[in-house]
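What follows is each chain in one-letter form.
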Amino acid sequence: IDELTVDDVFLVRPGEKIATDGEVLTGHSAIDEAMLTGESVPVEVAPGDSVTGATINTSGVLEVRAARVGADTTLAAMADLVSRAQTGKPAVQRLADRISAVFVPIVFGIAAITLLIWGFVTGDWAAGLHAALTVLIIACPCALGLATPTALAVSSGRGSQLGILVSGPEALESTRSIDTVVLDKTGTLTTGVMSLTGTELSPADFDVLARLESRSEHPIARAIVAAAPEIVGTGSAGAAAGTISTVPDSMGSVEESARAASASSMGTAAGSPVLDFENIAGGGLRATIDGAEVLAGRPDLLREHGIAVDFAADSVPRGATIVALAIDGQFRGLSFVSDEPKPTAAAAIAELHSLGLSTVLLTGDNAQAAEVVAEALGITEVRADVRPEGKVSVVGELQGQGRAVAMVGDGVNDAAALAGADLGIAMGSGTDAAMAASDVTMVKSDPQQIPQAIRLSRRTLGLIKGNLFWAFAYNTAAIPIAAFGLLDPMIAGAAMAFSSVFVVLNSLRLLRFK
């Protein structure tokens, strides 16, 4: 890659990452741009189309001419966005430091005044020195200094046990002002894996579709092939056999049924090879199976080949991708695939709302798919069709409205927004760039860890405030007693130690957090 220069031509095989930004010269394929746009469905490319470095070629072989290399690439520009966002993040000052900066000089002043008053008023300088030393001992800010770090240390340890990794104590402290949680869709709230959501095809026709799709590495194809054993296995013997006929044959042998059901799980039936396979530019596949011409893809593709495709719009699940099937020029029906929400996503959103937080769905996916997910999960504010640089702008826009924003994402396309938000939360299954730009990483990639992390942070901050109040109130109440000479230095030392132990024990209560 380091040796590539502009106008160099390089080969990209199926499954490989594209080396740099460029233009397709020959070949047709589907490019997985999820890391760039958040779109779960790969984009079809053909000669003349532009491709982006670090995206993945999922199917055909491509020849690409390099258009931009090194620091000029799209990925490099995104890295620069992350860097600028990180350097612009303000540091969080510690409450304990601010209190200590004022408290310690005051204590020294009180001790000096105590000595002088005892010496000049009573003439007993020894007693005055005794009282002044007791003031210094009882007011030693050990508990004040331990209040914050002990709570943060225990909180970080407990978070690690729960699979919540925090980059530093500032991340926990920054959650106290968070009022808006912005969530990426693909891979964060959804599985990021396409799955079959429904089909109008008979088991026999679906088996043919699966055998055709088994020759493709496209995520839609993988979803159809994965669903084939269950669907084909529910059909009659003739349907399960996967043979092409216009009239269902219920007289097929049990041996044929068993053979096809087993073969469908591998994507092709033994003795019935898929011939003349072709990956059609524009979203489709074509091949000859059992002597018949099979064509599958988007409905418009079938129409372009002169096949009438009629279906009611309300029969298509909202947000689903449509796969139409034709055999020997006859439309057979539709199948639907989509990216499913994670099982715990709805509960996680409900818990965020119960914590008083607003939620925003931010994705590079199409508006319809985003709205379907948002409706299913209970999110009312949706920002769709947003590119990586646009995500940073959306976070900045929300911050400009006076909101304190937590950003949750998992891809390279989320990295700059994660860094620019007041709190960045990355899913553990995501990219290294996203985790590097975030403040908190969810190892389990479970959406329910998002509200759990916020609850842990709030609990920690509450504990810190309690520790600080105890330490400050204890010292403030004991100083007058020491100044009047009513407290022995030995007792003062023991009381000071007890104060520190109390703060530590109070912090250890976080180990019971769930």
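The structure contained in this document is the topic of the report that follows. Quick caveat: nothing in here was measured; it's all calculated off a predicted structure.

About the criteria used
- Sequence order as written defines residue numbering, which begins from 1 separately in each chain.
- Restriction of local features to residues with pLDDT of at least 70 applies here, the model being predicted, together with a cutoff of 80 or more for giving and counting side-chain atom pairs; totals for whole chains, interfaces and linings are based on all residues.
- Here the side-chain values reflect all heavy atoms present in the structure, with hydrogen atoms and water set aside.
- Only DSSP runs of H or I reaching four residues or more are called helices, and only runs of E reaching two or more are called strands; each is numbered from the N terminus.
- Any N or O atom pair separated by 3.5 Å or less is treated as a polar contact, with the protein-specific requirement of one donor-capable and one acceptor-capable atom, and with residues adjacent in sequence counted only for side-chain atom pairs.
- As used here, the term nonpolar core means buried Ala, Val, Leu, Ile, Met, Phe, Trp, Tyr and Cys residues forming a set that is joined through side-chain atoms within 4.5 Å.
- For every residue, the accessible area (1.4 Å probe, protein chains only) is compared with the maximum for its type, and the residue is labelled buried under 20%, exposed over 50%, or partly exposed between those bounds.
- By the convention used here, residues are in contact when the closest approach between their heavy atoms is within 4.5 Å.
- At least two bridges found by DSSP between two strands is the condition for calling them paired.
- Regarding the arc, it is the one traced by the directions from the helix axis to the C-beta atoms.
- Note on definitions: salt bridges are taken to be side-chain nitrogens of Lys or Arg within 4 Å of carboxyl oxygens of Asp or Glu.

### Focus: the side chain of Arg 383
Link 1 in the chain: Among the secondary structure elements, Arg 383 is positioned in strand 17 (residues 381-383).
Link 2 in the chain: Reaching out from Arg 383, the side chain makes a polar contact with the side chain of Glu 381 at a distance of 3.4 Å.
Link 3 in the chain: Reaching out from Arg 383, the side chain makes a polar contact with the side chain of Glu 397 at a distance of 3.4 Å.

### Let's talk about the nonpolar core
Link 1 in the chain: Residues Val 181, Leu 183, Leu 189 and Ile 379 are the most contacted members of the largest nonpolar core, which totals 33 residues.
Link 2 in the chain: Those elements that place two or more of their residues in this core are strand 9 (180-183), helix 12 (345-354), helix 13 (367-377), strand 18 (405-409), strand 19 (423-427), strand 20 (440-442) and helix 17 (449-483).
Link 3 in the chain: By residue number, the principal contributor to this core is helix 17, which donates five residues.
Link 4 in the chain: Other than its neighbours up to four places away in sequence, Leu 189 contacts Leu 183, Asp 184, Pro 341, Lys 342, Ala 345, Ile 349, Leu 361, Leu 377, Ile 379 and Pro 447.
Link 5 in the chain: Membership of the second largest hydrophobic core comes to 26 residues, among which are Ala 111, Ala 151, Leu 468 and Met 496.

### Re the side chain of Ser 500
Link 1 in the chain: By the element assignment, Ser 500 lies in helix 18 (residues 489-507).
Link 2 in the chain: Relative accessible area serves as the criterion here: at 11%, Ser 500 is assigned to the buried category.
Link 3 in the chain: Non-local contacts of Ser 500, meaning those with residues more than four positions away in its chain, are made with Cys 142, Ala 143 and Leu 146.

### Side note on the sheet that holds strand 6 (residues 56-57)
Link 1 in the chain: Strand order across the open sheet formed by three strands is 4-3-6, with antiparallel pairing between neighbours. With one partner strand each, in any of the chains shown, strand 4 (43-45) and strand 6 form the two edges of the open sheet.
Link 2 in the chain: Pairing geometry for strand 3 (residues 29-32) and strand 6, over two bridges, is antiparallel. From the neighbouring strand, Ile 31 faces strand 6, where its bridge partner is Asn 57.

### Quick look at helix 13
Link 1 in the chain: Among all positions of helix 13, only Ala 369, Ala 370, Val 373, Ala 374 and Leu 377 are buried. When helix 13 is viewed along its axis, its buried side chains cluster within an angular range of 130° and face the same direction. Relative to its buried face, helix 13 has exposed residues pointing more than 90 degrees away, namely Glu 375 and Ala 376.
Link 2 in the chain: Considering only its buried residues, helix 13 is in contact with strand 10 (190-199), strand 15 (330-341), helix 12, strand 16 (358-362) and strand 17.
Link 3 in the chain: Residue Gly 378 follows helix 13 closely and has a positive phi angle near 90°.

### With respect to the pairing of strand 9
Link 1 in the chain: The alternating pattern of strand 9 places Thr 180 and Val 182 on one face and Val 181 and Leu 183 on the opposite face, and all of these are buried.
Link 2 in the chain: Pairing between strand 9 and strand 16: four bridges, direction parallel. Along strand 16, the bridge assignment pairs Val 182 with Val 360.
Link 3 in the chain: In this sheet, strand 18 lies alongside strand 9 in parallel orientation, the contact comprising four bridges.

### A look at the pattern of salt bridges
Link 1 in the chain: Taken as a whole, this structure holds 15 salt bridges when the rule is applied.
Link 2 in the chain: One salt bridge connects Arg 211 with Asp 290, and the closest N-O pair in it is separated by 3.4 Å. Taken as a pair, Arg 211 in helix 7 (residues 203-213) and Asp 290 in the loop between strand 12 (284-289) and strand 13 (292-297) lie far apart in primary sequence, 79 residues in all.
Link 3 in the chain: With a relative accessible area of 36%, Asp 290 lands in the partly exposed category.
Link 4 in the chain: A salt bridge links Arg 298 to Glu 304; the shortest N-O distance between them is 3.5 Å.
Link 5 in the chain: You can call Arg 298 partly exposed: its relative accessible area is 30%.
Link 6 in the chain: Judged by relative accessible area, Glu 304 falls into the exposed class, the value being 56%.
Link 7 in the chain: Residues joined by salt bridges that share partners form a network here, namely Arg 298, Asp 300, Arg 303 and Glu 304.

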